[in-house]
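For reference, the chains in residue letters:
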Protein chains: 2
Amino acid sequence: MASEIIEPLERLADMFRRLDGVGKKSAMRYAYAVLNFSNEDAAAFAEAILAAKTEIHLCEECQNITTDHICGLCASEKRDHSVICVVEDPRAVTAIEKTKQFGGVYHVLHGTVSPSKGITPDKLKIRELLERLKDDSVTEVILATNPTVEGEATAMYIARLLTPLGIMVSRIANGVPVGGDLEYADEVTLRRAMEGRYPLG
Amino acid sequence: MASEIIEPLERLADMFRRLDGVGKKSAMRYAYAVLNFSNEDAAAFAEAILAAKTEIHLCEECQNITTDHICGLCASEKRDHSVICVVEDPRAVTAIEKTKQFGGVYHVLHGTVSPSKGITPDKLKIRELLERLKDDSVTEVILATNPTVEGEATAMYIARLLTPLGIMVSRIANGVPVGGDLEYADEVTLRRAMEGRYPLG
């Protein structure tokens, strides 16, 4: 008899493998770590998974995740509701909020257009974005999808939809990251940084 | 109002952070990944955690994890029960079994002696090892704890306990890993490889 397969352990490792970026070895390491949890902690972990799924919804307005019907940002009177920043996912909202530079509201697409993966525009929250623009209260839309092939294509697609509506549409700038080294910047980034140069003094 | 804290998401990320080697960013990435699970998958994940904790026990003989009272290796008549290989954790058993070179049985310590972390010998499964040696059926104990400071200290500690019992005690060899390059081997490993040299031809 060879080393035995411990089915509950394999099953737990399989679930960990479904998480973004978790390989076979890490999944097994996490499964072993759970075995070392107290019974209370294991119960709390299981409960946290179920709670996250049942208590978190999409904001009816911006489609960001929230535990309410309308998220805190959309409900806030301190935010400028005439400027919408369009992002791919909730993590981008968190990243931009950390800069404390943006005072508008957001719209979360939950993905990018990617025909090769079967993600057509109707699978994203684009219809919901157009709905928000209907009452003419929004004057500017900033397209802040990631600077990837899919992110750029999605920004272009949405820009083409919005231009006829007479709304100002902008795209976040590409350039050399602050604190970075030109030597390590890729050519495309560097070219964009040169193109986007601005006068000093 | 700043970006809102979504309590169920934070709670789930906190649980992921308790796993070995999971940092803040990865924990949040995993929590988001769970949000994208179907309800059925999330329920299966929660159930797998609880099942792993309730269905997996320690083998009464070797202290390895198993779903039975006695693990498959200890229950097997094809294994040589007179040779015990002592390891730190269940993963070491899996690693050695993969080599298909060892026909004996194991003993899992579940840790190493580490006074700085408060892990004294009585916290390990050393008492259970001594119990197995009482009936004189075991003739050799191979100490296969990891070649770390704690692993070496634990091996030395157990060796001192076993030598008076007249049992053959050995330690796995240190040396240059097969397929490795001498240039990248650390000095201690290289010194051990030289010391452990064996005659050819």
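Along each chain, residues carry numbers from 1 onward, in the same order as the chain's sequence is written. Labels are handed out in written order, letters beginning with A for the chains and numbers beginning with 1 for the ligands. Only residues with pLDDT of at least 70 are given local features in this predicted model, and only at 80 or more are side-chain atom pairs given and counted; all residues enter the totals for whole chains, interfaces and linings. The side-chain values count all of the structure's non-hydrogen atoms but skip hydrogen atoms and water molecules.

Draft legend 1. Spotlight on helix α1 (residues 7-17) of chain A. Of all the positions in α1(A), only P8(A), L9(A), L12(A), A13(A), M15(A) and F16(A) are classed as buried. Here the buried residues of α1(A) occupy an arc of 155° about the axis, which is enough to place them on one side. Working definition: with a 1.4 Å probe on protein chains only, accessible area under 20% of the residue-type maximum means buried, over 50% means exposed, and in between means partly exposed. Where helices and strands are cited, they refer to DSSP runs of H or I of at least four residues and of E of at least two residues respectively, numbered from the N terminus. This arc is built from the directions going out from the helix axis to the C-beta atoms.

Draft legend 2. Region of interest: the pattern of salt bridges. By definition here, a salt bridge exists when the distance from a side-chain nitrogen of Lys or Arg to a carboxyl oxygen of Asp or Glu is within 4 Å. As enumerated under the stated definition, the model contains 16 salt bridges over all chains in all. One network of salt bridges, with partners in common, ties together E7(A), R11(A) and E47(B).

Draft legend 3. Region of the structure containing the relation of the copies chain A and chain B. You can overlay chain A on chain B at an RMSD of 0.1 Å; the transform is a turn of 179° with a shift of 0.0 Å along its axis. Both copies are brought into coincidence by an operation consistent with a two-fold rotation axis. Ranked by how close their C-alpha atoms come to the rotation axis, the residues of chain A are headed by A46(A), at 2.1 Å. Each copy is superposed on the other by least squares, with the fit set by C-alpha atoms of residues at a pLDDT of at least 70 in both.

Draft legend 4. Inspection of the domain arrangement of chain A at higher detail. Segmentation of the chain into domains, including their bounds, is taken from an automatic or database domain assignment. By domain assignment, chain A separates into domain 1 (7-55) and domain 2 (75-199). Taken over C-alpha atoms, the centre of domain 1 of chain A sits 34 Å from the centre of domain 2 of chain A.

Draft legend 5. Quick peek at the nonpolar core. Think of a nonpolar core as a cluster: buried Ala, Val, Leu, Ile, Met, Phe, Trp, Tyr and Cys residues, connected wherever their side-chain atoms sit within 4.5 Å. Grouped together as the largest cluster of nonpolar side chains are 47 residues, with contacts concentrated most on F16(A), L19(A), F45(A), F16(B), L19(B) and F45(B). Residue assignment for this core shows that the elements contributing at least two residues are α1, α2 (24-35) and α3 (39-55) of chain A together with α1 (7-17), α2 (24-35) and α3 (39-55) of chain B. Counting residues per element, this core draws most heavily on α2(A), which supplies 8 residues. Once residues lying within four places of it in the same chain are set aside, the contact partners of L19(A) are F16(B), Y30(B), A33(B), V34(B), F37(B) and F45(B). Two residues qualify as a contact provided that any one of their heavy atoms is within 4.5 Å of a heavy atom in the partner residue.

Draft legend 6. Structural view of the sheet that holds strand β3 (residues 80-87) of chain A. All names here are of chain A. When DSSP locates at least two bridges between a pair of strands, those strands are taken to pair. The parallel open sheet is built from 4 strands, whose spatial order is β4-β3-β5-β6. Sheet topology places β4 (104-108) and β6 (168-171) at the edges, where each strand pairs with a single neighbour. Averaged over all neighbouring strand pairs, the angle between strand axes comes to 25°, with direction disregarded. Bridge analysis of β3 against strand β5 (residues 140-143) gives 4 bridges, and the strand direction is parallel. Residue V83 lies in a different strand from β5, and its bridge partner there is E140. Interaxial angle, 0 to 180 degrees, is taken between N-to-C directions of lines fitted to C-alpha atoms, where a helix line uses only the stretch in contact. Of the strands in this sheet, β3 and β4 touch helix α5 (residues 90-99), which is tilted by about 160° from β4. Packing against the sheet, helix α7 (residues 149-162) makes contact with β3, β5 and β6, and its axis sits at approximately 170° to β6.

Draft legend 7. Local environment of the confidence of the model for chain A. Per-chain confidence: chain A averages 90 in pLDDT, with 97% of residues scoring 70 or above. Among the scores for the predicted complex, ipTM is 0.78 and pTM is 0.78. The predictor rates its confidence in each residue with pLDDT, a number between 0 and 100.

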